[in-house]
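The primary structure of each chain is shown beneath.
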Amino acid sequence: MIRLLRALNHFRKIRTAPEADRLTHVFGTLAAMGHRRYNKTRNHHLASPVFCELLSATPTIADYIADLPALAKMPPKSLGRTLGEFLSSGEIDYAKFLSQYSEAGLQANGGLFEAYNNRERDLHDIIHVLFGYERTRFGEAATISTQFWQGGPAGFAVIAFAGVFRYLFIRPKHAILVLRALANAWQRQRGTDLRVYPFEKSMHKPLSIIRKELGIKPKSRALRMVLENTRWED
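(A) Region of the structure containing the overall build of the protein. Of the regular secondary structure elements, the protein holds 14 helices and zero strands. Mapped from its N terminus to its C terminus, the protein presents α and β elements in the order α-α-α-α-α-α-α-α-α-α-α-α-α-α. Counting over 234 residues, the protein shows a buried share of 48%. In the protein, of all internal contacts separated by at least 6 residues, the share reaching a separation of at least 24 is 73%. Accessible surface, the protein: about 12200 Å² in total, of which carbon and sulfur atoms supply 58%.

Now the structure itself:
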């Protein structure tokens, strides 16, 4: 209970803090909830030689993210091109993200642990693009909840679901619509294991083909409506 209260305190500050300080409280929320769930998922995947080979592949997702001009030259509607357009559409302080990542206690000193942690960090942007979740309030909630459902840190549940419940509290008339949207977000990732997909080797592949291979269904009407009408200022 103490962990949850500490996490909720950090979560409250995510919304009220200046933009420059939000990441500090995001990572504070993760750290407060601990890493048992995250470590269990990591250890499970690192037991697979095939997955460890994927972690050792180059270029990494981080290498692609760091070279936006190269992503812009990839085929239209490919994963890489769409990822580059997404990353270029907003103000992203990638260096600060890297520098504060250790505050969540998830950083490791070299080896497969560090490679896994870095890939987990970069899968956040992949999920945004793969599932079509924009940077609206619910778009972030859907992305983070997907990471949680896929075995991510318990702190992701606090960030995603506390935000949803807060929105329901201030907009109760939208409750049924939002809950339907959340259910659809869960259904869209169900039965997939995003970690094992070789995104590093698929940047030139059409995004539609990757979605088909992973079995990701189109967004429901409720999910589309909520994504389009929940902004950060709400």
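(B) Layout of the environment of D63. Secondary-structure assignment places D63 in helix α5 (residues 61-65). In this structure, the C-alpha to C-alpha distance between D63 and E200, residues 137 residues apart in sequence, is 9.3 Å.

(C) Here's a closer look at the pattern of salt bridges. The full count for this structure, using the stated rule, is five salt bridges. Here R81 makes a salt bridge to E85, at a shortest N to O gap of 3.6 Å. Placement of both R81 and E85 in helix α7 (residues 79-88) is noted, with a separation of four residues, approximately one turn of the helix. Between K205 and E213 there is a salt bridge, and its shortest N-O distance comes to 3.4 Å.

(D) How the structure looks around the nonpolar core. Judged by nonpolar contacts, the single largest core of 47 residues is most densely connected at L79, L83, I126, L130, F138, F199 and L214. Setting aside chain neighbours within four positions, we find L214 in contact with L130, T192, L194, Y197 and F199. Of all hydrophobic cores here, the second largest spans seven residues; its members include L46, F51, L54 and L55.

(E) Molecular detail of the side chain of H128. Among the structural elements, H128 can be located in helix α9 (residues 111-131). Within polar-contact distance, the side chain of H128 engages the side chain of E140 at 3.2 Å. Discounting chain neighbours no more than four positions away, the residues touching H128 are F86, Y133, E134, G139, E140 and T143.

(F) Representation of the environment of K73 in the model. Note that K73 resides in the loop between α6 (68-72) and α7. Residue K73 is classed as exposed on the basis of its relative accessible area, which comes to 74%. Between the C-alpha atoms of K73 and G84, which are eleven residues apart in sequence, the distance is 9.4 Å.

(G) Spatial organisation of the packing of aromatic side chains. For the structure shown, the criterion picks out six aromatic pairs. Geometrically, the ring pair formed by F131 and Y133 is stacked, given 5.6 Å between the ring centres and 10° between the ring planes. Grouping residues by exposure puts F131 and Y133 together as buried. In this structure, R42 packs its charged tip against the face of F113, placed 3.9 Å from the ring centre. If you follow R135 out to its NZ or CZ, it ends over the ring of F86, 3.9 Å from the centre.

(H) A look at helix α11 (residues 154-170). Taking 1.5 Å of rise per residue, 17 residues should cover 24 Å, and α11 covers 25 Å from first to last C-alpha, within 8% of that figure. Taken across its 17 residues, α11 has twelve buried, putting it largely inside the fold. Among the residues making up α11, those that are buried are G155, F156, A157, V158, I159, A160, F161, A162, G163, V164, Y167 and L168.

(I) Representation of the packing of helix α10 (residues 137-149) against α11 in the model. Viewed as axis vectors pointing N to C, α10 and α11 meet at an angle of 145°, and their least axial separation amounts to 8 Å. When you trace α10 past α11, the crossing you get is left-handed. Taken together, the residues of α11 that come into contact with α10 (itself represented by R137, F138, A141, I144, S145, Q147, F148 and W149) are A154, F156, A157, I159, A160, F161, V164, R166 and Y167. Considered class by class, the residues forming the contact of α10 with α11 number 13 nonpolar, two polar and two charged.

What counts and what doesn't
- Residues numbered from 1 in each chain as written.
- Predicted model: local features only at pLDDT ≥ 70, side-chain atom pairs only at ≥ 80, totals over all residues.
- Heavy atoms only, no water.
- Helix = DSSP H or I, 4+ residues; strand = E, 2+ residues; numbered from the N terminus.
- Buried < 20%, exposed > 50% of the residue type's maximum accessible area, 1.4 Å probe, protein only.
- Contact = heavy atoms within 4.5 Å.
- Areas by Shrake-Rupley, 256 points an atom, 1.4 Å probe, with all protein chains shown as cover.
- Salt bridge = Lys/Arg side-chain N within 4 Å of Asp/Glu carboxyl O.
- Core = buried A, V, L, I, M, F, W, Y, C linked by side-chain atoms within 4.5 Å.
- Polar contact = N/O pair within 3.5 Å; in protein donor to acceptor, adjacent residues only side chain to side chain.
- Phe/Tyr/Trp six-rings, centres within 6.5 Å; stacked < 30°, edge-to-face > 60°.
- Lys NZ or Arg CZ within 6 Å of the ring centre and 35° of its normal.
- Expected span 1.5 Å × (residues − 1).
- Axes fitted to C-alpha atoms, helices over the stretch in contact; angles between N-to-C directions.
- Left-handed = near helix turned anticlockwise from the far one by under 90°.
- Nonpolar A, V, L, I, M, F, W, Y, C, P; charged D, E, K, R; others polar.

These figures capture arrangement, not role.
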